[in-house]
Amino acid sequence: MPGVRDDQVSSDGFSGLIEENRTLREKNEELETLLNQDPYTGLPIRRLFDRHFDDVFLQAQESGTSLSVAMLRLDSSYAKIKNARDRSRVLLFKTILRIQSVIGETLFQSDRLDEFLIVLPSVSGISEVVAIGERILNVVQQPHEQPAEDISFGCYIGFSVYPANGSSREDLISNAEIALEEAERWRLGSILYTDQMGQRYRDRYEIDRRLSAAIDADFAEFEVYFQPFVDTEHRIRGAEALIRWRNATLGAVSPARFIPIAEETGLIRQIGQWVLFSACRQVAEWHNRGFDDLFVSVNLSPSQFKQHDLIDRVKGVLSAVKLDGRFLKLELTERTVMENPESAIRKMRELRDLGIRLSIDDFGTGYSSFSYLGKFPIDTLKIDKSFIDDVHTNLDNQEIVRAIISLARNIRIETLAEGVENRGQRDFLYAEGCRFIQGYFYSKPVDSESFERLISGGGFLPGADA
Ligand code: C2E
Ligand code: CA
Ligand code: CA
């Protein structure tokens, strides 16, 4: 059996072993440090944050003090530092130093390169947290030195506080993240989590999730309703297509609630395309059944309008259902067309070349700069419901509505009043020369079968004048 004889282990050999062992240990430590730091920024990574948090948290629990978790993200101007990898890296380092000058060394890298985590131990109260947030925002926003003096960016911070906003690491981090996302959404610098904020966020998240599922399930939960546009002879000339969503868990969800969320997440593009297709198909079907002068008006959301292939999409729908563009109107808001007026005008012309007519929806609530109106190829102004609500009694709104109608007439644009609920409003509007009326006074939005009943027999709405 091979063995090691005593005299073979020289003192030198032994110290060699120790030496080797030490280098190995150092190498391990080096490796560990490397594994625990972000390779780009050198900051300790998320896993170390967790460890650090647990230590601080234990102390807070033992001593009955509070602590705060902050999540911080650089704003979108940072991401825009173009073609300058080195520059953006240097600026990132400098920004990290600036943040550390406020909170000390214990800054951790989060899951993204432009996102960081902080624990503030034993904070005395909300005002201290707010003050720290202000100081961080302030240092991050400072101008940079040459040669980067032309670059500036800021950051957003979300805070959660123990014990008010959670009693576990996961809760405190995820609530700080919710606060961060609210801060980003409203461009609010730094904010503290609140229960109400969390509720809103979780609601939005749930709607988004179920909306995606409903889209994946072939839109079976959606339906298009139609609300008549009625002319001065009380005859239905067209209808606005309005989406309805009934979800097994959430019940009926109002479009006022889910459309803005879909707009934010981008799902609106699929939803809008489905509404456009369904509404056009329905109207083509009505034409086939003899109601052949009916048109449909479809809402086009800002992000739908922005799609580069919008014209092809609309063309595709019209040809798929064999509907002439004359029978389609699209409703755009002032915000949609004003974002980039030049390109909007180009797109609007292309749509009009297909025979499609265009309305400005919710008119009066946006920019309301009358001067731009003439520049856009528009057919109809839809006067917003807020002016119509008390137009039969409120002299100021009467003046506004009169002005809108006469302005539109001067530039040969027709007007439609939205949200007309009573005879007083209707009488005033027709007397002033408004051409179309839409509102509960004539009919609520109804499903396609009910709408077909309304248009049967010439489409004159009964009882309106009785
Ligand atoms: P909107 O485009 O201004 O549509 C008019 C809204 O006013 C509809 O609400 C309609 O039901 C309601 N309304 C009509 N007449 C009256 C009335 O006399 N009194 C009252 N109180 N309300 C009346 P709805 O259907 O809940 O839709 C809300 C908003 O959701 C719409 O406002 C529109 O911005 C959006 N929306 C609905 N469907 C679609 C869609 O298919 N695509 C897009 N992008 N947005 C849609
Ligand atoms: Ca509309
Ligand atoms: Ca409207």
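Everything here concerns the structure above.
Quick summary incoming for the structure in this document. (Residues numbered from 1 in each chain as written. Chains lettered and ligands numbered in written order. Predicted model: local features only at pLDDT ≥ 70, side-chain atom pairs only at ≥ 80, totals over all residues. Heavy atoms only, no water.)

A word on the overall build of the protein
Part 1: Of regular secondary structure, the protein possesses 18 helices and 14 strands.
Part 2: Relative to its length of 466 residues, the protein is extended, with a C-alpha radius of gyration of 32 Å against a globular reference of 23 Å.
Part 3: Along the first, second and third principal axes, the C-alpha atoms of the protein reach 120 × 60 × 50 Å.
Part 4: Looking at the protein as a whole, 47% of its 466 residues qualify as buried.
Part 5: Taking all contacts inside the protein whose residues are at least 6 apart in sequence as the whole, residues at least 24 apart take part in 68%.
Part 6: If you sum the accessible surface of the protein, you get close to 24,200 Å²; carbon and sulfur atoms cover 50% of it.
Part 7: Within the protein, the 73 negative side-chain charges are centred at a point lying 6 Å from the centre of the 56 positive side-chain charges. (Helix = DSSP H or I, 4+ residues; strand = E, 2+ residues; numbered from the N terminus. Rg over C-alpha atoms; globule rule 2.2 N^0.38 Å. Buried < 20%, exposed > 50% of the residue type's maximum accessible area, 1.4 Å probe, protein only. Contact = heavy atoms within 4.5 Å. Areas by Shrake-Rupley, 256 points an atom, 1.4 Å probe, with all protein chains shown as cover. Lys, Arg positive; Asp, Glu negative; His and termini not counted. Charge placed at Lys NZ, Arg CZ, Asp CG, Glu CD.)

Comments concerning the coordination of the calcium ion (ligand 2)
Part 1: Looking at the metal site, the calcium ion (ligand 2) is ligated by E240 (OE), N299 (OD1), E331 (OE) and D361 (OD), spaced 2.1 to 2.3 Å from it.
Part 2: Written as a sequence motif, the donor residues of the calcium ion (ligand 2) are E-x58-N-x31-E-x29-D.
Part 3: Separating the calcium ion (ligand 2) from the calcium ion (ligand 3) is a gap of 3.8 Å, bridged by D361, which donates to each. Here N299 is found in strand β9 (residues 295-299), whereas its partner E331 is found in strand β10 (residues 328-333), with 32 residues between them in sequence.
Part 4: On the basis of relative accessible area, N299 is assigned to the partly exposed category, the value being 29%.
Part 5: A relative accessible area of 2% means that E331 is categorised as buried. (Donors = N, O, S within 2.8 Å, 3.2 Å for Na, K, Ca; no water.)

A few points about the coordination of the calcium ion (ligand 3)
Part 1: Coordination of the calcium ion (ligand 3) by the protein is provided by D361 (OD), D362 (OD), E418 (OE) and E418 (OE), with metal-donor distances spanning 2.1 to 2.6 Å.
Part 2: Of note, the calcium ion (ligand 3) draws all its donor residues from one chain, in the sequence arrangement D-D-x55-E.
Part 3: The class for E418 is buried, based on a relative accessible area of 11%.

Describing the nonpolar core
Part 1: Core analysis: the largest hydrophobic core is formed by 86 residues, its most contacted members being F222 and L328.
Part 2: Take this core: its biggest share by element is 10 residues, from helix α9 (residues 268-288).
Part 3: Ignoring sequence-local partners within four residues, the contact set of L328 consists of L276, C280, V296, V298, V314, L318, I356 and R357.
Part 4: Formed by 31 residues, the second largest nonpolar core is a distinct cluster that contains L91, I99, V102 and L137. (Core = buried A, V, L, I, M, F, W, Y, C linked by side-chain atoms within 4.5 Å.)

Observations concerning the pairing of strand β13 (residues 414-418)
Part 1: Counting buried positions along β13 yields 5 of 5 residues, so the element is predominantly enclosed.
Part 2: The alternating pattern of β13 places E414, L416 and E418 and T415 and A417 on opposite faces, both of which are buried.
Part 3: Note: strand β12 (residues 380-383) against β13, 4 bridges, orientation parallel. Residue pairing across strands places I383 opposite A417, the latter belonging to β13.
Part 4: Bridge analysis of β13 against strand β14 (residues 436-438) gives 3 bridges, and the strand direction is parallel. What sits directly across from A417, in β14, is I437. (Pairing = 2+ DSSP bridges.)

Focus: a negative patch on the surface
Part 1: Together, E26, E29, E30 and E32 line one region of the surface with negative charge.
Part 2: Note that E26 resides in helix α1 (residues 11-36). (Patch = residues over 30% accessible without salt bridge, like charges linked within 9 Å, V, L, I, M, F, W, Y side chains within 5 Å. Salt bridge = Lys/Arg side-chain N within 4 Å of Asp/Glu carboxyl O.)

Points about the packing of aromatic side chains
Part 1: Under the defined criterion, the tally for this structure stands at 16 aromatic pairs.
Part 2: For the pair F222 and W274, a centre-to-centre distance of 6.0 Å together with 50° between the ring planes defines the contact as tilted. In this pair, F222 is assigned in strand β6 (residues 222-230) and W274 in helix α9, connecting sequence segments 52 residues apart. You'll find F222 and W274 in the same group, each marked buried.
Part 3: Here F226 and F451 contribute two aromatic rings whose centre-to-centre distance is 5.8 Å and whose plane-to-plane angle is 40°, an arrangement assigned as tilted. Remark: F451 occurs in helix α18 (residues 448-455) and F226 occurs in strand β6; sequence separation between them is 225 residues.
Part 4: In this structure, R89 packs its charged tip against the face of Y40, placed 4.5 Å from the ring centre. (Phe/Tyr/Trp six-rings, centres within 6.5 Å; stacked < 30°, edge-to-face > 60°. Lys NZ or Arg CZ within 6 Å of the ring centre and 35° of its normal.)

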